[in-house]
Amino acid sequence: MQMIKTDVIIIGGGATGCGIARDLALRGIPHYLIEKNDFAAGATGACHGLLHSGGRYVVNDPDAAAECICENRILRKIAQKCVEQTGGLFVRLPGDSKLFRDRFLKSCEEVGIPAEVLSPTRALDLVPTLNPVLEEAIKVPDCSIDPFRLCMLNAVSSRNTGGGILIHHKVIDIIKEKNRCVGVKIQEQFTSQIKEIRSRLIINASGAWGDLVARMGGSFVPMTLSKGSLVISNHRLTNLVINRLRPPSDGDIIVPNEAVCLAGTTSITVSDPDTIDVDPAEVDIIASEVESMIPAFGTTRLIRAYTGVRPLLKAETDDSRAISRGFRIIDHKNGMFSILGGKLTTYRLMAEKMTDTIIAEFGLKTSCKTAEVPLEGQEELSGYPLSKRLKNLDDIICECELVTRDDVERIINNIGTKYIGDIQHRTRLGMGPCQGGFCTYRALGIMQEMGRLTPSESMEVLTAFLQRRFKGIRPALWGDQLREEQLVEYIYLGLLSMEQKA
Amino acid sequence: MSIRSYDVVVIGGGMSGLMAAIRLSQNGKHVALISKGDPVCCLSTGCIDVYARSDNPMDGIRKLPESHPYHLVGEAQIQKAFENFIDIMFETGLPYFGDIRSNRKILTPLGSAKTTCFVPCTMLHAQTQSNGYMHVVSFQGLKDFYPSYITSRLKNTGFSVFDAGVPTTIGIATRFEDRPFLQNFIAWLKTLEIPDGKIAVPAVLGIDNPMSIIEEIESELDRKAFEIPTLPPSIPGLRLFRALKGVLQAKGGDVYWGKEIASVEKLDHQIEAVTLATSGRPSRVEGRAFILATGSFISGGLFALRGNTVRETVFDLPVYLPGPRDTWFHEDFFTAGHAIEQAGIQVDASFRPRQADIENLFVCGSILAFSEVMKYGCGHGLAIATGDAVADMCTRHIP
């Protein structure tokens, strides 16, 4: 068995884990990051990619809001290529509380969030799709952020300084000696090969899986798991983030993201992070709520629904909306620390505090640089710009997102993956209206031609992909998306005759 | 406004509409066929699945639930309908082969076996149950066909890649219509020194005369050759559709292509006419009887709205629904037959919609309630059988 030694093991490849890896890298601490899936596979990738201005929390949780605006400014500076500086509106519709609006403006001023009141006319100039009955809108510096790219770039810094990043590796056990956690046993997901890594400290940054990991180390973390579901529209209906000017509730945020919009969310307490599904009723709630802010949303094709689990701090209340979005570091006093709570916007701050704790533990004094040093590798991002994608139309594999055969081959060569999801995250393959209905068959054909997959592996991958894809599509199937789905069903079960269950 | 009158107006240009219109023409009726565009048929493999879940399709049909529309057609008429289809296709120069009592398994681009009943001439030798060597030929850059899917799953196979200069199925099929291109291709095949056995080619061997192309390849190479259906757009589907459309026109049927129906005129219990949306003046098409053959969701005959509602898109007929939206789909992609497949128009014994109070409207094809074409693998088969039956009902209705 392969044995590796390092100083710090980070469990979890979400924004927090990747952020800690980068912070450790910039402070010269050897480390390994272990992720059982791809980057951003948990709550990080399943959020709406909103870089909060703090407006959403400013009335009920001004401390969290202050953290948001501060981090918002930092990320716009250090992660330019991951952030689209869209700006955001808080829209007040007839019937929404005027009192809340006044408290919102007052709190923004106290916390230091720039807020500008716009008349309906000016708001409609900015976002013509807004419901014209709106009373007013308040403009704040909300932005759209790409969580996957953010994680990848944090990992780049870590790799550049010799950090080990192991994705598709699952922690199957935590090695203990004299009641102290001294390492992890990990399994490569595709080959099932087992490795051991020893370290001085272990950081549990596994989000919704935090308690499961802590228990492997002989401890626990008190947390509330809150499921939040979102839907993706086929069009970019707004160029600004749109929020409803009212206390946080279901379906009151819509965020532009490249060519589409992400709308959500819901908040439902769950017990198991591995068995969550979007309920069709959640899609209905989101669609009808968002429709009241942007009427066109009601007639726009929804291409998928997805859901993530917020790892919230355990609180007395049953209402998961009322639980603080703040974060906490827990010292289990056994060589393991857990970091939980928080949100994407404050991932860097969380990483900074966590790393400060480790540095102190090691008796060192290096200070954090992540707020000043821009993320490395941003200039290499292929990015979405259509101008780039239109350059080579010869060999398009994914027509929805204009991904070429070259793009696919490059990713396969660079990361040597056997996972179709890895290609999708890095190229946008299969992210369009057909949701990979056509291009997955092609991408797997290319992987086979390149000798990356055996025939039985490619069937397994294809089967798993189609199941996962259907899980996302199923709750939002009506209209044209239902038509498309019947075609995809015909292709795989009719034409290609993949094995059916009775 | 231009006005044209017909005995029967068929709405929908897919398999069921075409077969109904052709049968009516054969019965001596003056027919109009209206279609909003190329049908879903053009996306199909071109194979006729009659009932794919048993070895003998007729046995399977007998065991279908009572509500299935095949039972409205009856065995004798089902057989007659397929005999008629085979005769028609033979005359078009695109003959079909098969036996209503015995399914066959043909090779798919995934290397798996698809169960079907009637196949076009180019797939005559595509049966998977043979032991000899098979050589797969692919084309440079053709993104919908990867021979490794087949050669890595099946023993005793090999493949070669030909550069056709174009990467799409339609592009390559068009080039095969050029004699010099075909001769080049055959000359290249000869240089390969392929072991004895069969030659398998993705379905791109010409659009109009695949039969003569495949025969030439077979005689020059002295071995059997066949086509493998490809992902949509599919050439065998396109050929089938074009051939049937040609038959209808040759028999005197009028075809209104690329036209959507803007309005419907109804008087008492009769549909009198439909008006077509055209870019110029509106055009009114009158009929003594009407046939609705607009297909299910995929073809646009049915349209689902967000709130548990499904609309029939031409006449706004009452639609049978299996339940609210959260019951429409299984959680599993691979479990055959989502409940929503049962949605459609319920008809009486003469294929007239129930609870609609219209005497001269008949319904055929996959828009019929309980047809469940994916679950039973019976899409084109049900279209042919119900198209034929509805045409006869209609003929009796307007003596």
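Not measured: the values here are computed from a predicted model. (Residues numbered from 1 in each chain as written. Chains lettered and ligands numbered in written order. Predicted model: local features only at pLDDT ≥ 70, side-chain atom pairs only at ≥ 80, totals over all residues.)

What follows concerns the interface of chain A and chain B. Tallying the contact residues gives 36 residues for chain A and 34 residues for chain B. Sorting the residues of the side of chain A that touches chain B by element identifies α7 (280-293), α12 (439-449), α13 (455-473) and α14 (479-495) of chain A as the ones contributing at least two each. Element by element, the count of residues in the side of chain A that touches chain B is highest for α14(A), at 11 residues. (Contact = placed C-beta atoms within 7 Å. Helix = DSSP H or I, 4+ residues; strand = E, 2+ residues; numbered from the N terminus.)

Residue and element names in this part refer to chain A. Strand β18 (residues 260-264) sits mainly inside the fold: five of its five residues count as buried. Looking at chain direction, strand β15 (residues 223-233) and β18 are connected through four bridges and run antiparallel. From the neighbouring strand, L230 faces β18, where its bridge partner is G264. When strand β17 (residues 253-257) meets β18, the two strands line up antiparallel, connected through five bridges. Looking across to β18, one finds that I254 is bridged to A263. Where β17 folds back onto β18 in an antiparallel hairpin, the turn is made up of two residues, including E258, whose phi is positive at roughly 50 degrees. (Buried ≥ 20, exposed ≤ 12 C-beta atoms within 10 Å, placed from the backbone. Pairing = 2+ DSSP bridges.)

Averaged over chain B, the pLDDT score is 95; the fraction of residues at 70 or greater is 100%. Here the prediction assigns the complex a pTM of 0.92, and the interface score ipTM is 0.95. (pLDDT = per-residue confidence, 0-100.)

Of the consecutive residues A:G264 and A:T265, the connecting peptide bond is found in the cis state with omega at 0 degrees. Cis geometry marks the peptide bond from B:P232 to B:P233; its omega dihedral reads -5 degrees. Within the fold, B:P233 resides in the loop between β10 (225-228) and α9 (235-250). Phi is positive for A:K178, close to 50 degrees, though the residue is something other than glycine. You can see A:K178 is positioned in the loop between β11 (169-177) and β12 (180-188). Phi is positive for B:E193, which is not a glycine, with a value near 50 degrees. Mapped onto the elements of the fold, B:E193 is located in the loop between α7 (179-191) and β9 (197-202). C-beta crowding within 10 Å serves as the criterion here: with 6 such atoms nearby, B:E193 is assigned to the exposed category.

Right, let's talk about the sheet that holds strand β2 (residues 8-11) of chain A for a bit. Residues and elements named next belong to chain A. An order of β10-β3-β2-β14-β22-β21 is seen for the six strands of this open sheet, with the pairing classed as mixed. Strand pairing shows two members of the sheet lacking a second neighbour, β10 (164-166) and β21 (327-331), which therefore form its edges. Neighbouring strand axes in the sheet, compared pairwise and without regard to direction, differ in orientation by 15 degrees on average. With four bridges joining them, β2 and strand β3 (residues 31-34) adopt parallel strand pairing. Along β3, the bridge assignment pairs I11 with I34. (Axes fitted to C-alpha atoms, helices over the stretch in contact; angles between N-to-C directions.)

Our focus in this paragraph is the domain arrangement of chain A. All names here are of chain A. Split by domain assignment, chain A resolves into domain 1 (2-43 + 148-222 + 324-361), domain 2 (50-145 + 225-310) and domain 3 (383-495). Placing a centre on the C-alpha atoms of domain 1 and another on those of domain 2 gives a separation of 30 Å. Between domain 1 and domain 2, the contact holds 14 residues from the first and 20 residues from the second. Breaking the side of domain 1 that touches domain 2 down by element, the ones donating at least two residues are α5 (147-160) and α8 (347-361). In terms of residue count, α5 provides more of the side of domain 1 that touches domain 2 than any other element does, three residues in total. Tallied by class, the residues present in the side of domain 1 that touches domain 2 amount to six nonpolar, five polar and three charged. (Domains from an automatic or database assignment. Nonpolar A, V, L, I, M, F, W, Y, C, P; charged D, E, K, R; others polar.)

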